[in-house]
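Secondary and tertiary structure notes
One letter stands for each residue in the lines below.
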Amino acid sequence: MTDRLVLVINCGSSSIKFALRSESARKPLLSGLAERLGTAEGVMNWRAGDTREQVMIGDGKHSTALASLLPLIERFADQPLTAVGHRVVHGGEHFTGAQIIDDQVIAAIEDSSPLAPLHNPAHLVGIRAAMAVLDDIPHIAIFDTAFHQSMPPHAYRYALPEALYRDHGVRRYGFHGTSHRFVASQASLLMGLEPGHGAWLTAHLGNGCSTCAILDGRSLDTSMGMTPLEGLVMGTRSGDVDPNLHSHLARTLGWNLDRIDHMLNRESGLLGLSGLSNDMRTLVAARADGHPGATLAVEVFCYRLARSLAGLAVALPRIDGLVFTGGIGENSPLTRELTVRHLALFGLAIDPAANATPPGNPARQIQAGNSPAILVIPTDEERQIAEECLVLIELANTQPMEKED
Ligand code: AMP
């Protein structure tokens, strides 16, 4: 079979992240970021192997940025593209997997926009521009929420009046689905299980953080909820707080919703606790120097992470392994060690030497002795998106597609 190519696009309101993936290569053939779109200072930085260049996007339009990608694709692709894969944050309850984009899929993304007002409209701008520029190949949407559509109602429903769910979609959706799915399938490979099998607890720890309980490739529960604010302590996001906090702050400090939203999403988490930084590297270094705020922030982050993992364990019949991924999960031995210390009840224990292995290593096991597996697995959401696109194309070629929705 020839080596097929997929262009993966993640379009925001002022940026487009892209990667050209081939089926066989572990690294993208071409990748980059167009930024400051919507302004006169639009700029695109790209790299392919050791070559790096910058292109100005004079009119700052998404369509211009995508059009300037075409000659680059021709330069670095040795054959025509098979598909374009678009990351879409919210698919509501419409989709359980990747979808070839047509008018119905676009309408469903629009329908889910109230649940992701910052993301979905921006994705649509990118989708429309890309479909105009690359009009002779399939465009496929991959939803962050789709993987978690396998959660049972007892995991996804809030204890709120039913009409809020029925009429307004108020429920838990979960995010980071592409990453959780990818590392769980890599975990099966690493542990020599049947492909896609196993009972995993996964922790995606980057700027945004979430945990997931996965059984045989299906998400059974996850820490994020209706929005990506629920759950763990993150870089600048609070994670779980008492739901009465909103009314308390409104009553006692006179804060309006925008002020409260901003505080919970931008001023909280590691940054709020430490008073220093949202970056775990800075906090680990400051903790070593005895900084009290950094020490507390790291402790709260790890304790709340362990508490979340322990809670999610009830969704699984057993634990085949715990997987750490994301910038923090892959690179911070201290975070892994402090978190696993709180999980001794599950027999989980870390081997200090394996845990200290320098970052950048491929997927590896770091558990001690008889502990269930503890794995560090670099995530690769673009690769997962490209793979899901190719699986869908194959399915579409071999059998008529049944539409979801
Ligand atoms: P991501 O969103 O997955 O790129 O992860 C970003 C986060 O990873 C940043 O907030 C950093 O704090 C964290 N990070 C990256 N490298 C390290 C490291 N060596 N030690 C601790 N944290 C790290």
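Numbering of residues starts from 1 in each chain and follows the order in which that chain's sequence is written. Where totals are concerned, whole chains, interfaces and linings use all residues; where local detail is concerned, this predicted model gives features only for residues with pLDDT of at least 70, and gives and counts side-chain atom pairs only at 80 or more. Side-chain numbers here rest on the full set of heavy atoms in the structure, without hydrogens or water.

What about the overall build of the chain?
Numbering of helices and strands starts at the N terminus; helices are DSSP runs of H or I of at least 4 residues and strands are runs of E of at least 2. If you tally the helices and strands in the chain, you get 15 helices and 14 strands. For the radius of gyration, the atom set is restricted to C-alpha positions; the globular benchmark scales as 2.2 Å times the number of residues to the power 0.38. For 405 residues, the compact-globule formula gives about 22 Å, and the C-alpha radius of gyration of the chain, at 21 Å, lands near that figure. Viewed in the frame of its principal axes, the chain has a C-alpha envelope of about 55 × 55 × 45 Å. In what follows, a contact means two residues having at least one pair of non-hydrogen atoms within 4.5 Å. For the chain, restricting intrachain contacts to residue pairs at least 6 apart in sequence, the fraction spanning at least 24 positions comes to 62%. With residues, only the protein chains shown are counted as cover, and all accessible areas are computed by Shrake-Rupley using a 1.4 Å probe. Of the accessible surface of the chain, which amounts to about 18600 Å², a share of 54% is contributed by carbon and sulfur atoms. Charge separation in the chain, taken as the distance between the mean sites of 32 positive and 44 negative side-chain charges, equals 5 Å. Charge counting follows a simple rule: Lys and Arg are positive, Asp and Glu are negative, and His as well as the terminal groups are ignored. Where a charge lies is defined by one atom per residue type, namely NZ (Lys), CZ (Arg), CG (Asp) and CD (Glu).

Here we look at the pairing of strand β5 (residues 51-57)
One bridge is not enough; two strands pair if DSSP finds at least two bridges between them. Summarising the sheet, strand β4 (residues 42-48) and β5 pair through 7 bridges and their orientation is antiparallel. Paired with Val-43 across the strands is Met-56, a residue of β5. In textbook terms, the turn of a hairpin is the stretch between consecutive antiparallel strands, and for β4 and β5 this stretch comprises 2 residues, one of which, Gly-49, has a positive phi near 60 degrees.

Here's the deal with the packing of helix α2 (residues 103-111) against helix α3 (residues 120-133)
Only the stretch in contact is used when fitting a helix axis, every axis being a line fitted to C-alpha atoms; angles between N-to-C directions are given from 0 to 180 degrees. Two elements in contact, α2 and α3, have axes whose closest approach is 9 Å; the angle formed by their N-to-C orientations is 160 degrees. When the axis of α2 is compared with that of α3, the two are roughly antiparallel. Here α2 and α3 pass one another in a crossing that is left-handed. Between α2 and α3, the contacting residues are Ile-106, Ile-109 and Glu-110 on the first element and Asn-120, Leu-124, Ile-127, Arg-128 and Met-131 on the second. Oblique is the label for any angle not covered by the other classes, which are roughly parallel (under 35 degrees), roughly antiparallel (over 145) and roughly perpendicular (65 to 115). Two helices crossing with the near one rotated counterclockwise from the far one by less than a right angle form a left-handed crossing, whereas a clockwise rotation gives a right-handed crossing.

Quick notes on the nonpolar core
What we call a nonpolar core is a set of buried Ala, Val, Leu, Ile, Met, Phe, Trp, Tyr and Cys residues that are connected through their side-chain atoms within 4.5 Å. Residue exposure (1.4 Å probe, protein chains only): buried if accessible area is under 20% of the type maximum, exposed if over 50%, otherwise partly exposed. Counting residues in hydrophobic clusters, the biggest one holds 42 residues, and the most contacted among them are Leu-201, Leu-205, Phe-301, Leu-305, Leu-322 and Phe-324. Where this core is concerned, the elements lending two or more residues are β9 (199-205), β10 (209-215), α10 (280-288), α11 (292-312), β12 (321-325), α13 (333-341) and β14 (373-376). The leading source of residues in this core is α11, at 9 residues. The contacts of Leu-305, once residues within four sequence positions are left out, are Ala-203, Leu-205, Thr-211, Leu-232, Phe-324 and Thr-339. Formed by 26 residues, the second largest nonpolar core is a distinct cluster that contains Met-44, Ala-65, Ile-73 and Ala-129.

Observations regarding the pattern of salt bridges
A carboxyl oxygen of Asp or Glu within 4 Å of a side-chain nitrogen of Lys or Arg is what we treat as a salt bridge. Inspection of every chain in the model, using the stated rule, returns 18 salt bridges. Sharing partners across several salt bridges, the network here consists of Lys-17, Arg-21, Asp-380 and Glu-382.

Thoughts on the site of the ligand
Near the ligand you find Gly-206, Asn-207, Asn-278, Asp-279, Met-280, Arg-281, Gly-326, Gly-327, Ile-328, Asn-331 and Ser-332, and these make up its full shell. In protein, a polar contact requires one atom able to donate a hydrogen and another able to accept it; more generally it is a pair of N or O atoms within 3.5 Å, and residues adjacent in sequence count only if both atoms are side-chain atoms. Ile-328 places a polar main-chain atom, nitrogen or oxygen, 3.3 Å from an oxygen atom of the ligand. In the complex, 72% of the free accessible area of the ligand, which totals 510 Å², lies under the protein chains. For the shell around the ligand, the elements supplying multiple residues, two or more each, are α10 and α12 (326-331). Only heavy atoms are used to decide nearness, and a residue is near a molecule or strand if one of them lies within 4 Å of it.

Brief notes about α3
For an α-helix, the turn length of 3.6 residues means that residues three or four places apart are oriented alike. For α3, built from 14 residues, the straight-helix expectation of 20 Å at 1.5 Å per residue is met to within 8% by its first-to-last C-alpha distance of 20 Å. Along α3, the residues classified as buried are Asn-120, Ala-122, His-123, Leu-124, Gly-126, Ile-127, Ala-129 and Ala-130. Each element contacted by the buried residues of α3 is listed here: β1 (5-11), α1 (62-76), β6 (83-88), α2 and β8 (139-143). Expected helix span is taken as 1.5 Å per residue step, with the number of steps being one fewer than the number of residues.

Side note on the state of the cysteines
In this description, a disulfide is simply a cysteine sulfur pair whose atoms lie within 2.5 Å. Applying the stated criterion across every chain, the model contains 0 disulfides. Free cysteine Cys-212: the closest other cysteine sulfur is in Cys-209, separated by 14 Å.

Things to note about the UniProt feature "active site" (unreviewed entry) in the chain
With numbering aligned to this structure, UniProt lists the feature "active site" (unreviewed entry) at Asp-144. You can see Asp-144 is positioned in the loop between β8 and α4 (153-156). For Asp-144, a relative accessible area of 2% gives the class buried. Asp-144 has contacts with Arg-87, Val-88, Val-89, Gly-174, Phe-175, His-176, Gly-177 and Thr-178, leaving out every residue within four places of it along the chain. At a separation of 2.5 Å, a polar atom in the side chain of Asp-144 contacts the side chain of Arg-87. UniProt positions are given in the numbering used here, feature names are shortened, and annotations may be inferred rather than shown by experiment.

Some words on the sheet that holds strand β13 (residues 364-365)
Pairing in this open sheet of 6 strands is mixed, and the strands run β11-β10-β9-β12-β14-β13 from one edge to the other. Of all the strands in the sheet, the pair left with one neighbour each is β11 (218-222) and β13. Contacts between helix α6 (residues 177-190) and the sheet are confined to β9, β10, β12, β13 and β14, with β9 contributing the most and set at about 130 degrees to the helix.

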